[in-house]
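Architecture and fold: a report
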Amino acid sequence: MDDRPAPAEVAGPEAAFWRVTRLLETYGRLLDEDQLEAWTDLFAEESRYEIVSRENRALGLPLSLMLCDNRDMILDRVYALRKANIFNIHTDCHVIGPARVTASGAGLAASAAYSLFQTNPGGESRLFSVGRYHFDLVERAGELAIASALVVVDTAAVLTLLATPI
Amino acid sequence: MDDRPAPAEVAGPEAAFWRVTRLLETYGRLLDEDQLEAWTDLFAEESRYEIVSRENRALGLPLSLMLCDNRDMILDRVYALRKANIFNIHTDCHVIGPARVTASGAGLAASAAYSLFQTNPGGESRLFSVGRYHFDLVERAGELAIASALVVVDTAAVLTLLATPI
Amino acid sequence: MDDRPAPAEVAGPEAAFWRVTRLLETYGRLLDEDQLEAWTDLFAEESRYEIVSRENRALGLPLSLMLCDNRDMILDRVYALRKANIFNIHTDCHVIGPARVTASGAGLAASAAYSLFQTNPGGESRLFSVGRYHFDLVERAGELAIASALVVVDTAAVLTLLATPI
């Protein structure tokens, strides 16, 4: 099976939907499999990752729950999590809903609702976070890469300083 | 990116799947964003919206949890929610599973499992409802519109009179 | 609408994605509708069904939570559940995330995260299990059939001996 998508400039909306869905699947799976370094590879050289609460966003407040405004900060974040992994012993399961895909400049914009469940070492699975991804995507070597990932969480109540990416 | 789908009569099952998925995504997103008026625009002029419990449906009981058997009733429902919004201060997050699409007369029938999470002002996100959508869809100006939305909820226990649409 | 997919050998990755998504949808829906016998028809003549915990899989432990290493065992399992159905009075709702599809020999390999919610007769819906499906798929009469279904559950804590398939 040829895994390489057709060039974006000849692809219609169905192809764009499939490419974005594949990226979302990869994004969630790499986090679930604790492949954080591979997860950072989904980001473009010039990129940012931000988590904001729905309430702050609606009020226009600039406060982020997590903000990495360049790729080095994203890598640092993962490095810090590896060093601190004794505190980070849950496992994640992302279940992501259907993608919305629109054109955005030379690239694509995508959004999707997500549910994130965490399981602790005691064997309890529980809802950890729900919200919506908002991605700006660019072309990189025939694949989509994330230029901007904005995660809008429906509540900030359960998030901790050492939380893994959502 | 051309956002207009190919005409349904020349489209194969993959195109139908994509169109239905796009409608489901829009349906859930508009509710999550509290864009209730735009949500009503997804319904055809002749349309109905009904919520029934799985148990009642299995028993063949006619009792609905919510029934709007024409479009004006759907609009009225949204109007009532706007007037009563002081009681309706949660936020929704719909995570919808893959669509099943079949032919139905001149249109399409679609179903999909959904999970609906609600977050209250205290910052608690919780599971609110799971179940399945059953839509009858018709063509309207090159897009799919909902002629009938039947929401089968797995339990009616948590629903209240002033509940927002599911 | 022609429901029969194009032959796999001429189909690209988008068609494979659509076919796998359709199979996942059918898989979850048949379980949710308690159509267990039809669910077994999704399996190829030579097939297996296994549930393992994420922890055991990571540790390389061979212990399964459920193992049917041929199709007769899958049928037996469903027969046993029908005989014991007085103990099995919940309803299921599977919400499955986007599919990952890769080539695997002459067939396809697929995986997807799932969330499974159960509702009991008292009307309480709750999270029952999250994890990931890993399927090996083969062609059978123009459709995909399951040669191997490995369900990796994020926790084994809530599973019981008489659990329905996940």
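Residues numbered from 1 in each chain as written. Chains lettered and ligands numbered in written order. Predicted model: local features only at pLDDT ≥ 70, side-chain atom pairs only at ≥ 80, totals over all residues. Heavy atoms only, no water.

Some remarks on the overall build of chain A
- When helices and strands are tallied, chain A shows 4 helices and 7 strands.
- Ordered by position from N to C terminus, the α and β elements of chain A give α-α-β-α-β-α-β-β-β-β-β.
- A burial count over chain A gives 55% of its 166 residues as buried.
- Once local pairs closer than 6 in sequence are excluded, the contacts in chain A between residues at least 24 apart make up 57%.
- Accessible surface for chain A amounts to roughly 7400 Å². Of this, 54% is attributable to carbon and sulfur atoms. (Helix = DSSP H or I, 4+ residues; strand = E, 2+ residues; numbered from the N terminus. Buried < 20%, exposed > 50% of the residue type's maximum accessible area, 1.4 Å probe, protein only. Contact = heavy atoms within 4.5 Å. Areas by Shrake-Rupley, 256 points an atom, 1.4 Å probe, with all protein chains shown as cover.)

Focus on the packing of helix 1 (residues 13-32) of chain A against helix 1 (residues 13-32) of chain C
- For the pair helix 1 of chain A and helix 1 of chain C, the least separation of the axes is 11 Å and the interaxial angle reads 70°. Compared by their axis directions, helix 1 of chain A and helix 1 of chain C come out roughly perpendicular. Between helix 1 of chain A and helix 1 of chain C lies a crossing of left-handed hand. For the pair helix 1 of chain A and helix 1 of chain C, contact is made by E14, A15, F17, W18 and T21 of chain A and by P13, E14 and F17 of chain C, respectively. (Axes fitted to C-alpha atoms, helices over the stretch in contact; angles between N-to-C directions. Parallel < 35°, antiparallel > 145°, perpendicular 65-115°, else oblique. Left-handed = near helix turned anticlockwise from the far one by under 90°.)

Notes on the confidence of the model for chain A
All names here are of chain A.
- Overall, the prediction assigns chain A a mean pLDDT of 88, with 88% of residues at 70 or greater.
- Here helix 3 (residues 54-59) is the element of chain A with the lowest mean pLDDT, 89, and strand 7 (residues 143-153) is the one with the highest, 97.
- Every residue in residues 4-10 scores below 50 in pLDDT, and together they form 10 contacts with partners more than four places removed in sequence or on other chains.
- Taken over the whole predicted complex, pTM reads 0.92, whereas the ipTM for its chain interfaces reads 0.90. (pLDDT = per-residue confidence, 0-100.)

A short note on helix 4 (residues 71-83) of chain B
All names here are of chain B.
- With 13 residues, helix 4 ought to run about 18 Å at 1.5 Å a step, and its terminal C-alpha atoms sit 19 Å apart, in line with that.
- Within helix 4 the residues assigned to the buried category are R71, I74, V78 and L81. When helix 4 is viewed along its axis, its buried side chains cluster within an angular range of 85° and face the same direction. Facing away from the buried surface of helix 4 by more than 90 degrees, the exposed residues are D72, D76, Y79 and K83. (Expected span 1.5 Å × (residues − 1). Arc of directions from axis to C-beta.)

Here's the deal with the layout of surface pockets
- The computed volume of the largest pocket comes to approximately 610 Å³.
- If you trace the largest pocket, you find 25 residues lining it, with T91 of chain A together with R54, E55, A58 and D154 of chain C closest to the centre.
- Elements represented by at least two residues in the lining of the largest pocket include exactly strand 3 (91-96) of chain A together with helix 3 (54-59) and strand 6 (125-140) of chain C.
- Sort the elements by how many residues they give to the lining of the largest pocket and helix 3 of chain C lands first, with 5 residues.
- Across the lining of the largest pocket, the residue classes tally to 8 nonpolar, 9 polar and 8 charged.
- Put simply, the second largest pocket is a space of about 510 Å³. (1 Å grid on protein atoms, 1.4 Å probe; cavity = no way out; pocket = protein on both sides within 12 Å on 5 of 7 lines; lining within 4 Å. Points joined across faces, edges and corners; volume = space filled by probe spheres on them. Nonpolar A, V, L, I, M, F, W, Y, C, P; charged D, E, K, R; others polar.)

So, the interface of chain B and chain A
- Each partner contributes to the interface: chain B provides 24 residues, whereas chain A provides 27 residues.
- Contact between chain B and chain A buries roughly 2000 Å² in total, counting both sides, with carbon and sulfur atoms accounting for 66%.
- Counting across the chain B and chain A interface gives 1 salt bridge.
- For the salt bridge of E25 of chain B with R132 of chain A, the shortest nitrogen-to-oxygen distance reads 3.2 Å.
- Across the chain B-chain A interface, the total number found is 4 residue pairs in polar contact (both at pLDDT 80 or more).
- Of all the elements in the fold, those that place two or more residues in the side of chain B that touches chain A are helix 1 (13-32), strand 3 (91-96), strand 5 (107-119) and strand 6 (125-140) of chain B.
- In terms of residue count, the dominant contributor to the side of chain B that touches chain A is helix 1 of chain B (8 residues). (Buried area = accessible area lost by both parts, 1.4 Å probe. Salt bridge = Lys/Arg side-chain N within 4 Å of Asp/Glu carboxyl O. Polar contact = N/O pair within 3.5 Å; in protein donor to acceptor, adjacent residues only side chain to side chain.)

Description of the interface of chain C and chain A
- Residue-level contacts link 27 residues of chain C with 25 residues of chain A.
- In this assembly, chain C and chain A are joined by 1 salt bridge.
- There are 4 residue pairs in polar contact (both at pLDDT 80 or more) connecting chain C and chain A.
- A per-element tally of the side of chain C that touches chain A places strand 5 (residues 107-119) of chain C first, with 6 residues.
- Of the residues belonging to the side of chain C that touches chain A, the class tally is 16 nonpolar, 6 polar and 5 charged.

Concerning the relation of the copies chain C and chain A
- For the pair chain C and chain A, the best superposition has an RMSD of 0.0 Å and corresponds to a rotation of 120° with a translation of 0.0 Å parallel to the axis. Between the two chains, the operation in question is that of a three-fold axis. Distance from the rotation axis, computed per C-alpha, reaches its smallest value in chain C at G97 of chain C: 3.6 Å. (Least-squares fit on C-alpha atoms with pLDDT ≥ 70 in both.)

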